[in-house]
Amino acid sequence: MEEEQPTGGEEVESRLATAEAAALTAVMRYRELVAAGPGLVAEMVRGETIDEIDASVEGACRAYDDISRRVTEQIERQLPAGNPARSGSTAGAEWLKPEAKIALGLRGK
């Protein structure tokens, strides 16, 4: 029994399909690599081509910056304006041994 050899057109189609699959895999890996980078919202990195992915990165970076700014502002509003006053009972504690500092701290509770 002789195996049929692919014709020229079939071979070209086979190679084309292989190349398209490799290109699609490369684009998917690129998207995953870009999405894993810092300073962007990974879920917003989308696209089926490198150009589409690159375009979505701009929006993902802007969203990250916006979220980061909001979180920072919210935390800053919750923090007191300055450090609370130190109690007089720990004056000179910087000169104590670590065990004595622990005992002093436990006594204060």
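As the structure is a computational prediction, the values presented were derived from the model and not from experiment.

> Would you explain the pattern of salt bridges in this entry?
One side chain can pair with another of opposite charge once the charged atoms of both are near each other. As enumerated under the stated definition, the model contains four salt bridges in all. Here Arg15 makes a salt bridge to Glu11, at a shortest N to O gap of 3.1 Å. Remark: Glu11 and Arg15 occur in helix H1 (residues 8–35); sequence separation between them is four residues, near one turn of the helix. Residue classification places Glu11 among the partly exposed residues on the basis of a relative accessible area of 36%.

> Hey, could you run me through a negative patch on the surface in this one?
Taken together, the side chains of Glu48, Asp51, Glu52, Asp54 and Glu58 define an acidic patch exposed on the protein surface. Note that Asp54 resides in helix H2 (residues 50–78).

> I keep staring at a nonpolar patch on the surface and nothing clicks. Help me out?
Among the surface-exposed residues, Ile67, Val71, Ile75 and Leu79 lie close enough to one another that they form a single nonpolar patch of about 360 Å² accessible area. Among the structural elements, Ile67 can be located in helix H2.

> For this particular structure, what's the right way to read the side chain of Ser56?
For Ser56, the position within the fold is in helix H2. Leave out the neighbours within four places in its chain, and Ser56 touches Met44, Val45 and Arg46.

> Explain the packing of H1 against H2 here, please?
When two helices pack together, you describe them by how their axes are tilted relative to each other and by the distance separating the axes. Where H1 meets H2, the axes come as close as 10 Å, and the angle between the chain directions of the two elements is 15 degrees. In terms of axis orientation, H1 runs roughly parallel to H2. At the point where H1 passes H2, the crossing takes the right-handed sense. Contacts between H1 and H2 involve Val27, Tyr30, Arg31 and Val34 from the first element and Ile50, Ile53, Asp54 and Val57 from the second. Looking at side-chain class alone, the contact of H1 with H2 contains six nonpolar, no polar and two charged residues.

Cut-offs and rules
Residues numbered from 1 in each chain as written. Predicted model: local features only at pLDDT ≥ 70, side-chain atom pairs only at ≥ 80, totals over all residues. Heavy atoms only, no water. Salt bridge = Lys/Arg side-chain N within 4 Å of Asp/Glu carboxyl O. Helix = DSSP H or I, 4+ residues; strand = E, 2+ residues; numbered from the N terminus. Buried < 20%, exposed > 50% of the residue type's maximum accessible area, 1.4 Å probe, protein only. Patch = residues over 30% accessible without salt bridge, like charges linked within 9 Å, V, L, I, M, F, W, Y side chains within 5 Å. Areas by Shrake-Rupley, 256 points an atom, 1.4 Å probe, with all protein chains shown as cover. Lys, Arg positive; Asp, Glu negative; His and termini not counted. Charge placed at Lys NZ, Arg CZ, Asp CG, Glu CD. Contact = heavy atoms within 4.5 Å. Axes fitted to C-alpha atoms, helices over the stretch in contact; angles between N-to-C directions. Parallel < 35°, antiparallel > 145°, perpendicular 65-115°, else oblique. Left-handed = near helix turned anticlockwise from the far one by under 90°. Nonpolar A, V, L, I, M, F, W, Y, C, P; charged D, E, K, R; others polar.

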